[in-house]
Amino acid sequence: MALGHEDVAVGCWTCDDPPTGCTVVLPPAGTLGAVAVRGAAPGTREAVALGPNGKLTVCHAVVLAGGSAFGLAAADGVVAWLEERGVGYPVGQPEPVARVPIVGAAIVLDAAVAVPHARPGPDAGRAACEQATTADPPEGGVGVGAGCMVAKVGGLAHAWRGGQGIAVRRAGDVVVGALVANNAVGEVFDEDGRPLAASRAGHGTPRYPYDPDAIAGQRADAGGPTGSTVLGCVVTNARLLKSDACRVADLAHSGIARAVRPAHTQLDGDALFCLATGEVDATVDLLATLAAEAVADACRRGVRAAVSRHGVPGLAG
């Protein structure tokens, strides 16, 4: 089941050269949506509407994409795909004259930013919807994870491939799943606090943030500049208020901090969505605990599943 939920579908579109892509999460009707942003350099869509001060509660899809701000266009394809199927927020009284799909989106800055024809756009978003399935999603360098890199604190020349990871946590009838794209500037650490993907720069090499210039002006071997960000979508079967869902999304960021060091920097655009399908009761603290565990696990799994590409090594060989 996608993210541990039988009614949630996930679809991916991937480009190989340069590596980039997008991933779409399609929840069942009536799902409540929220978002929390902790990174200082985010690129998002509907973040205000789905944030704690936004009016909207329903969310019809979440899109995570490469290509920097250009990749937000992938959400346009998802909006069109949903509208064709009659999915959307009703507009007009007493009878709706239109249904407007509410699609949250966030992006990572990967090599596609320098290659216009490769940037995820509306066609990519539509293709990901067409490929969506309730089966277990793929991990590693696929979808939004295709162009991800981590451990850039000593420069991109010493980085590792990042990727898309999936993790699920359960407590009785409560289920929390997390899909995370790890493109962090920070290094990645395992469950015991040992380095999992550390910068390959030698000892004594300047490292960010101790030396702010350590990663300045460098370019990825994949053919273009690469920024930093951890993106994700947490999905739970719990019944939540909008304020509670925003709280869960915010506290789920603790999982990023457990797996990535440093986390939530000025160079990262870290953003986590929360989708609540409303089937069981659960406390915010339980959901936040499960979400943080799942996010941390997904951060690591995406890196563990990444293979070497374009001269950048991956832990999976």
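Use the structure listed above.
**A look at the pairing of strand 5 (residues 61-65)**
Sheet faces and side chains relate simply in a regular strand, where the side chains alternate between the two faces. Counting buried positions over the 5 residues of strand 5 gives 5, a clear majority of the element. Residues Ala 61, Val 63 and Ala 65 line one face of strand 5 and the alternating positions Val 62 and Leu 64 line the opposite face, and both faces are buried. Bridging between strand 2 (residues 19-26) and strand 5 involves 4 bridges; their strand directions are antiparallel. Paired with Val 24 across the two strands is Val 63, which belongs to strand 5. As paired strands, strand 5 and strand 8 (residues 103-107) are joined by 5 bridges and run parallel to one another. Directly across from Val 62, in strand 8, lies its bridge partner Gly 104.

**Some points on unusual backbone geometry**
Each neighbour pair has its own omega, and for Asp 17 with Pro 18 the value is -5°, a cis peptide bond. For the peptide bond that leads from Tyr 208 to Pro 209, omega is 5°, which places it in the cis range. By secondary structure assignment, the location of Pro 209 is in the loop between strand 14 (195-197) and strand 15 (229-238). With a phi close to 60°, Ala 151 is a non-glycine residue in the positive phi region. Along the chain, the position of Ala 151 falls in the loop between strand 9 (149-150) and strand 10 (160-161). Here His 264, not a glycine, exhibits a phi torsion of approximately 55°, which is positive. Here His 264 shows up in the loop between strand 16 (260-261) and strand 17 (271-280).

**Some thoughts on the nonpolar core**
Soluble globular proteins tend to pack their nonpolar side chains together in the buried interior. Residues Val 234, Leu 240, Val 248, Ile 256, Leu 287, Val 295 and Cys 299 are the most contacted members of the largest nonpolar core, which totals 34 residues. For this core, the elements supplying multiple residues, two or more each, are strand 3 (32-37), strand 12 (174-183), strand 15, helix 3 (242-259), strand 17 and helix 4 (284-304). Sorting elements by how many residues they give to this core places helix 4 first, with 9 residues. Apart from residues lying up to four places away in sequence, Val 295 is in contact with Ala 178, Val 180, Val 234, Ala 252, Gly 255, Ile 256 and Leu 272.

**Observations regarding the sheet that holds strand 11 (residues 163-171)**
Spatially, the 5 strands line up as an open sheet ordered 3-17-15-12-11, and their pairing is mixed. Looking at which strands have only one partner, the edges of the open sheet turn out to be strand 3 and strand 11. Sheet twist, expressed as the average angle between the axes of neighbouring strands with direction ignored, equals 15°. Bridging between strand 3 and strand 17 involves 6 bridges; their strand directions are antiparallel. When the bridges of strand 17 are listed, Ala 36 appears paired with Leu 272. The sheet strands contacting helix 4 are strand 11, strand 12, strand 15 and strand 17, and the helix crosses strand 11 at an angle near 150°.

Scoring rules and cut-offs
Residues numbered from 1 in each chain as written. Predicted model: local features only at pLDDT ≥ 70, side-chain atom pairs only at ≥ 80, totals over all residues. Heavy atoms only, no water. Buried < 20%, exposed > 50% of the residue type's maximum accessible area, 1.4 Å probe, protein only. Helix = DSSP H or I, 4+ residues; strand = E, 2+ residues; numbered from the N terminus. Pairing = 2+ DSSP bridges. Core = buried A, V, L, I, M, F, W, Y, C linked by side-chain atoms within 4.5 Å. Contact = heavy atoms within 4.5 Å. Axes fitted to C-alpha atoms, helices over the stretch in contact; angles between N-to-C directions.

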